[in-house]
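Examination of the molecular architecture
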Amino acid sequence: MATIKDIAKLAGVSHGTVSNVLNKRGNVSVEKIEAVYQAAKQMGYQLNTQAQLLRTNRSHKIAILLPQLVSEKYAIFFNAFRQSIVNFPEISYDLFLTDLLETTERDLLQKIAAGGYKQVVTVSCLKDAKYYFDTLKLPPSQIIFIYHKPLNAQRFFTLDFAQAAESICQQVAQTAGKVVGIFGDNQDELNSQVFANQLQIRLSQTAPDKKCVILSASDEESYKIAFDFFSMEPVPDIFVTQDIEKARYLTQASYFGSSSDCPIIFALSDNIPPVIKGLYCFPMNYAQLGLEVAEALLIAEPHEYKNNNVSVANRSSYLYTATPAVMSDDKSQISLNLLTLPSPSTTALKKLLPHFYRQTGIKVNLAIHPYDEVYQILSQLHLHPYYDLLRIDMACFPWFAERILRPLDKIGDGLTDLLSHFSLPTQQKFGLVNDVAYAMPFDASAQLLFYRKDLFEDTILKRMYYEKTGNELTVPTTFEEYDNVTQFFTELHQAGQAHCPMGASTTLGSAGLIATEYLLRYYAKGGRLIGSDNIPRLAMPLAAEVLADYLHQLSITENINHKWWSGSVRQFEQGHLAMLISYMNLFNDVAHSDILPKIGFAPVPGGVPQLGGGVLGVSRYSRKSSYAELFYRWLYSPVVMDHLILLGGNSNHENFSHNQEISHRYPWMTLAYQEINQGIRESSVPNGKLFNLRQAEIIIGQGITNVINHIMTIEETIDYINQRLLIDTQGER
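Residues numbered from 1 in each chain as written. Predicted model: local features only at pLDDT ≥ 70, side-chain atom pairs only at ≥ 80, totals over all residues. Heavy atoms only, no water.

With that out of the way, let us pick up the packing of helix α20 (residues 511-524) against helix α21 (residues 542-554). In contact at an axis separation of 9 Å, α20 and α21 are set at 120° when each is read in the N-to-C sense. The angle between α20 and α21 falls in the class oblique. Judged by the sense of rotation from one axis to the other, the crossing of α20 with α21 is right-handed. Here I514, E517, Y518, R521 and Y522 of α20 lie close against α21, whose contacting residues are L542, A543, V546, L547, D549, Y550 and Q553. Split by residue class, the contact of α20 with α21 holds 8 nonpolar, 1 polar and 3 charged. (Axes fitted to C-alpha atoms, helices over the stretch in contact; angles between N-to-C directions. Helix = DSSP H or I, 4+ residues; strand = E, 2+ residues; numbered from the N terminus. Parallel < 35°, antiparallel > 145°, perpendicular 65-115°, else oblique. Left-handed = near helix turned anticlockwise from the far one by under 90°. Contact = heavy atoms within 4.5 Å. Nonpolar A, V, L, I, M, F, W, Y, C, P; charged D, E, K, R; others polar.)

Structure below.
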């Protein structure tokens, strides 16, 4: 095997230089870094990462003890925990499986004690945590027990089984049947006791006529014990199980051990439960538990973490099941016509519409048109009375709302209650106009900065950037940094080489898009379109300075002549750009491409993102108000919202954040949710007077185009824009 001395000789550098390069330390030139990497590759040298960590005193190992990975409560917890520590390259972990055997657990603890582990996460079957402390010689703060709390355990994390019991009882109380069979974990498990006790207490209050029978079993014994329910007299009419595996065993026990169909089952499940008639699932936050434990170990200092007994609750108390169809009495062909534009959310909705038809008998026809055509149709909607549902861009929503939309409280029996599932800022920007609710958020979005992590972490590129600028190559937080990084990558660009992409892109095919990219820079420097006097204008001299910066960056970015940002998104997805500023609702499709592991994301430079996406309203010309209400209540149900996002759509519905599968597929969603709440889009003025932001953006974009084409100077352009803003954006609609 090649040694460091061999590499040094082949590369023509010193032994110390090789050591510095391989351990990513020291002041080494780009040429020497490349020479060492090339020599190491040529000689087949594989750097021992663990040895590297030990040499640099950065070794940090975590031991994870779980009973097994068959049950979703363990598997999903582990996956979420594992995903969380990916962002900490200096940390490694090892998984140990105990099968809930005390002897196995004790033997594994002896191995862990000899392995140099700094922290431990465990589902223990021991009765006393003292054995952990005595064996491992670790501070109690560095050992976290989950699900089962032994005596003397100091840090304990579990799920809110009381919340789950209460939600299930509300539905059980309304279900026909006299005997409720509760199938829980081992009786000595605290969670099982809490779950069973809360079920009995709540049922005694809400359904005193129902009798509870309880059986408990370990994971290994659950299949056998499930048959015991069907030997009872009488057999329970309703079942409640503590996990989806026990529900599965009950269906098998019923099929093989009973002459009757399996009764209704209420089960605790993960965030994407099976949708089966007769099965009601309460999605437990197994994944969130993993995230909370990871954060407690890796981020919060022990002395800062005051709550050592954590119970993770769900945001939603919704139970998932195959709901019965709500068919209309009208036997004729019923349909709703929805005007929208192409987007990941539209594509996702199209995939889900067969479910709405099966539930209601109502067919939804999608009329998908480009942005400009949609705007023109909305401007003359009286000529298009056949549209029932309208997807309207949030930039022009206030301008259109009072003229073409039916208020939410006038749709069927009223829909304003649906807005409560969104944050107050989202309601205000994507639902209300002059305090009247006209629409629901459809694909509410905010701008984010996406970047290639592999490039920003590349040792050679980092060194090259330092030699060129004297600064570290980091994700830009200002537009000055953004332009410097863009120029650096663009100067290295080699066509067709994924590791040498252009720095960033600028979209020039539409005046509205040009304005949006300019205004992002304008907002970053503190500018506002609506001044203190409520008159729209670009403030000088700031507007001219920002325009000069915008014009400069045209020479260092990939200029894309496209009427929508899809061209830029495609360029990034194909590896042709190092960075991209994009609205998150246009970006979700990239999550399904091979570039996903390389994607990093951050707030936009300057920290003032513009809001984007659209709203969903009902045309005032529609005569299908009751059908529209059915559509809204279907679309904004938690189960459909979850699947809309899983299919690549977008929403900041509050219930999405409990779904770790969504957070895993679209890791930027949590950040985007925060950015939506603090983003900006000046589509109305503070005094309630309406303002045609769409027209304003066209004016700004046309003015900038005049500068690009050398028709006007910067100062002439700003003056031209301000004159037109005053005249053309506040007139009659």
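Next comes the rest of the account.
For the rest of this paragraph, the subject is the packing of aromatic side chains. Here the structure, examined in full by the defined rule, presents 38 aromatic pairs. Taken together, the ring pairs connect F356, F422, F631, Y632, W634 and Y636 into an aromatic cluster. Of note, K61 hangs over the ring of Y117, and the distance from its end group to the ring centre comes to 4.4 Å. Stacked on the ring of F183, the Lys or Arg K246 has its end atom at 5.8 Å from the ring centre. (Phe/Tyr/Trp six-rings, centres within 6.5 Å; stacked < 30°, edge-to-face > 60°. Lys NZ or Arg CZ within 6 Å of the ring centre and 35° of its normal.)

Along the chain, T340 turns up in strand β12 (residues 334-340). Once residues lying within four places of it in the same chain are set aside, the contact partners of T340 are T346, A367, I368, H369, V374 and R391.

Right, let's talk about the pairing of strand β10 (residues 279-283) for a bit. In terms of burial, β10 is a largely internal element, 4 of the 5 residues being buried. The sheet contact formed by strand β9 (residues 264-269) and β10 spans 5 bridges and is parallel. Paired with A267 across the strands is C281, a residue of β10. (Buried < 20%, exposed > 50% of the residue type's maximum accessible area, 1.4 Å probe, protein only. Pairing = 2+ DSSP bridges.)

The next point concerns helix α18 (residues 459-469). Inspection of α18 places T459, I460, L461, R463 and Y465 among the buried residues, and these make up the whole buried set. The N-cap residue of α18 is D458: its side-chain oxygen and the backbone nitrogen of I460 are 3.0 Å apart. Phi turns positive one or two residues past the end of α18, at G470, with a value near 80°. (Polar contact = N/O pair within 3.5 Å; in protein donor to acceptor, adjacent residues only side chain to side chain.)

Let us now look at the side chain of H384. One can find H384 in the loop between α14 (371-379) and β14 (389-393). A distance of 2.7 Å separates a polar atom in the side chain of H384 from a polar atom in the side chain of Y386.

With parallel pairing, the 6 strands of this open sheet are ordered in space as β2-β1-β3-β4-β5-β11. Every other strand in the sheet has two partners, leaving β2 (91-97) and β11 (309-312) as the edge strands with one partner each. Between one strand axis and the next, the sheet turns through 20° on average, direction left out of account. Where strand β1 (residues 60-66) meets β2, 7 bridges bridge the pair, whose relative direction is parallel. Paired with L65 across the two strands is F96, which belongs to β2. The strands that helix α6 (residues 102-113) touches are β1, β2 and β3 (119-122); relative to β1, the one it contacts most, it runs at about 175°.

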